[in-house]
Amino acid sequence: MELLGYLGEGFATSLMPINILIVMIGVTAGLFIGAMPGLGSVNGVAIVLPITFIVPPSSAIILLCAIYYGAMYGGAISSILLGIPGASTAVATTFDGRPMAQQGKAGLALIAAAAASFVGGTISVVLFTLFAVPLADVALAFGPAEEFALVLLAFTTFVGLGGDDVLKTIIMICLGLVLSAVGLDLISGDPRLIFFDQPGFYSGISFLVLAIGIYGVGEILYTIETQKSAPQVTPAKITFRELWYGLKEINKLWKTMSFGSFLGFFVGMLPAAGATPAALMSYGIAKLLSKKPETFGKGAIEGVAAPETANNAASTGSLLPMLTLGIPGSPTTALLLGGMVMWGLVPGPMLFIEQPDFVWGLISSLYTANLFAVLVNLALIPLFVWALRMPFTVLCSLVFVLCLVGGFAPSQKLHDVWLIVGFGVVGYVLRKADYPMAPLVLALVLGPLMERSFRQTLIAEQGNMMAFVERPISGTFMAIAALFFVLPMLKHVKRLLRRDLSPAE
């Protein structure tokens, strides 16, 4: 009852007219920020942060969280309509969302993404409300060894995405890990893999540059070559009947969405993990557990629902260590943490006691932000789908310019523009050779976290490699990772035995 009382007081704050208006503005702005390749929730929150001083801290954090929520919803839009993930959290949505759009099911894919995002956000907010303090203790138990084991688990679940050709998937993961090592050494600060002595490589290779080059420019080159004539885009008008059909299809995936929501919330609340590994792991596990895994990557609606529930649940989960421990669970929550410090608030367990109005106002605003985000998203789907009706030549030109501008804007370095073009050509060649692109991007995103946690563990344990399996949590993760790595091989052996034992016709 005490919990309901606190939540009621929180809604009294979040449902004030000014805060409702702030939520509407925030989720709408976040939706467009997330849909724009090159922006995303981190840049959106960073841009708005300076103007939050004109409103009270409770309204300021509500605005930033609304932008965060809206951007998580919007990330699926560019992934589905353009095949370009606006942020790393939307990479997995591209795998099946883009094929659905190319099959004339863009509207269904966007409805599925919006509905799955709402489910993931709702379940995670309820979990946040009920188990904030107990789950903070679980997150506190994670050290570098557990972080390394978690990332390794993400890689092994992703091996199945390469289909039967596991070797190509492993090669792409290794290539991504090499690219993630470009820049300055984490401990010594020495430069490494500075190709051709170019100073631009000292800051490393950005995920955004690789993703835009591989999925944007590479997709354009491949489409131009394969399309003998301008493709006829299938009309995709969104009616109430199609909306109802899409929601009924999503309703059949309640198991996938429930699992993705719990997984996303759990992974999201781990310091330094965030929504990207949650979405990728949810996609990989959904494929492994699916009755039709062969449809993944070819336009399976499950492949859209699984990562979208996970990344939206993880966005809420990442707020947990920020509020209770003062440890940001993602880059965006790191900015939110900085904002709280600037507003004179001290994150930690005492925040719930000293500033209950602020904490419960924020928690209740997540409910309203989630509701407004799905309503605004569904209302604007016709506007997003309209982009597919552009002439092919115009669309290609716009996408190419958008890729270059989106890659240049965050760093404002011409070096990144040339990298985008280079990665685009490499992506085109690798796709022609039938190499999967997703493992490459995954490795670049998670590589720095994997290296840092690995080296921290070895330093703390004085080089004892057994530390990764001796600790209960990391040992469990390592065992599951080994199982996922061996599972495709076992399936292959099983198919060979079945073929040998089957009677000859």
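Residues numbered from 1 in each chain as written. Predicted model: local features only at pLDDT ≥ 70, side-chain atom pairs only at ≥ 80, totals over all residues. Heavy atoms only, no water.

(A) The arrangement of the overall build of the protein chain in detail. Counting secondary structure elements, the protein chain contains 23 helices and two strands. A total of 505 residues make up the protein chain; the buried ones form 54% of that total. Considering only residue pairs separated by 6 or more positions, the protein chain has 78% of its internal contacts joining residues 24 or more positions apart. When the accessible surface of the protein chain is summed, it comes to about 22,200 Å², and 70% of that surface belongs to carbon and sulfur atoms. (Helix = DSSP H or I, 4+ residues; strand = E, 2+ residues; numbered from the N terminus. Buried < 20%, exposed > 50% of the residue type's maximum accessible area, 1.4 Å probe, protein only. Contact = heavy atoms within 4.5 Å. Areas by Shrake-Rupley, 256 points an atom, 1.4 Å probe, with all protein chains shown as cover.)

(B) Summary view of the nonpolar core. Residues Ile 61, Leu 336 and Met 340 are the most contacted members of the largest nonpolar core, which totals 136 residues. Counting residues per element, this core draws most heavily on helix H4 (residues 57-81), which supplies 16 residues. Residues within four places of Leu 336 in sequence aside, it is in contact with Val 45, Ile 61, Leu 64, Cys 65, Tyr 68, Leu 319 and Met 322. (Core = buried A, V, L, I, M, F, W, Y, C linked by side-chain atoms within 4.5 Å.)

(C) Here's a closer look at helix H13 (residues 302-317). Over its 16 residues, H13 extends 22 Å from the first C-alpha to the last, a length consistent with the 22 Å expected when each residue adds 1.5 Å. Here H13 lies mainly inside the structure; 16 of its 16 residues are buried. (Expected span 1.5 Å × (residues − 1).)

(D) A look at the packing of aromatic side chains. Tallying each qualifying case throughout the model produces six aromatic pairs. Measuring from ring centre to ring centre gives 5.5 Å for Phe 195 and Phe 201, while their planes differ by 85°; the resulting arrangement is edge-to-face. When its relative accessible area of 33% is taken as the criterion, Phe 195 is described as partly exposed. Taking the relative accessible area as the measure of exposure, Phe 201 reaches 8% and is therefore buried. Arranged with centres 5.5 Å apart and planes meeting at 75°, the rings of Tyr 283 and Phe 296 form a pair that is edge-to-face. Highlighted residues: Tyr 283 in helix H12 (residues 275-289) and Phe 296 in the loop between H12 and H13, separated in sequence by 13 residues. (Phe/Tyr/Trp six-rings, centres within 6.5 Å; stacked < 30°, edge-to-face > 60°.)

(E) Broad picture of the side chain of Thr 129. Its place among the elements puts Thr 129 in helix H6 (residues 106-140). On the accessibility criterion, Thr 129 (7% relative accessible area) is buried. Polar contacts involving the side chain of Thr 129 include one to the main-chain carbonyl oxygen of Val 125, which spans 2.8 Å. (Polar contact = N/O pair within 3.5 Å; in protein donor to acceptor, adjacent residues only side chain to side chain.)

(F) Seen up close, the packing of H4 against helix H17 (residues 356-379). Contact pair H4 / H17: the axes reach a minimum separation of 9 Å and the direction vectors enclose 35°. Crossing geometry of H4 relative to H17 is assigned as right-handed. Where H4 approaches H17, its residues Pro 57, Ser 58, Ile 61, Ile 62, Cys 65, Ala 66, Tyr 69, Tyr 73 and Ile 77 are matched on the opposing element by Phe 358, Gly 361, Leu 362, Ser 365, Leu 366, Ala 369, Asn 370, Ala 373, Val 374 and Asn 377. When its residues are assigned to classes, the contact of H4 with H17 shows 14 nonpolar, five polar and no charged. (Axes fitted to C-alpha atoms, helices over the stretch in contact; angles between N-to-C directions. Left-handed = near helix turned anticlockwise from the far one by under 90°. Nonpolar A, V, L, I, M, F, W, Y, C, P; charged D, E, K, R; others polar.)

(G) Quick look at a nonpolar patch on the surface. Together, Met 16, Ile 18, Leu 21 and Ile 25 line one region of the surface with nonpolar side chains, adding up to about 360 Å² of accessible area. Its location among the elements puts Leu 21 in helix H2 (residues 17-35). (Patch = residues over 30% accessible without salt bridge, like charges linked within 9 Å, V, L, I, M, F, W, Y side chains within 5 Å. Salt bridge = Lys/Arg side-chain N within 4 Å of Asp/Glu carboxyl O.)

(H) Quick peek at unusual backbone geometry. For Asp 197, which is not glycine, the phi torsion reads 55° and is therefore positive. Inspection of the secondary structure assignment puts Asp 197 in the loop between strand E2 (191-192) and helix H9 (207-226). With a relative accessible area of 67%, Asp 197 lands in the exposed category.

(I) Local environment of the packing of helix H5 (residues 91-102) against H13. Remark: H5 packs on H13, axes separated minimally by 8 Å, with the N-to-C direction vectors making an angle of 145°. Pair H5 / H13 crosses with left-handed handedness. Where H5 approaches H13, its residues Ala 92, Thr 93, Asp 96, Gly 97 and Met 100 are matched on the opposing element by Gly 303, Val 304, Pro 307, Glu 308 and Asn 311. Of the residues assigned to the contact of H5 with H13, the class counts are four nonpolar, four polar and two charged.

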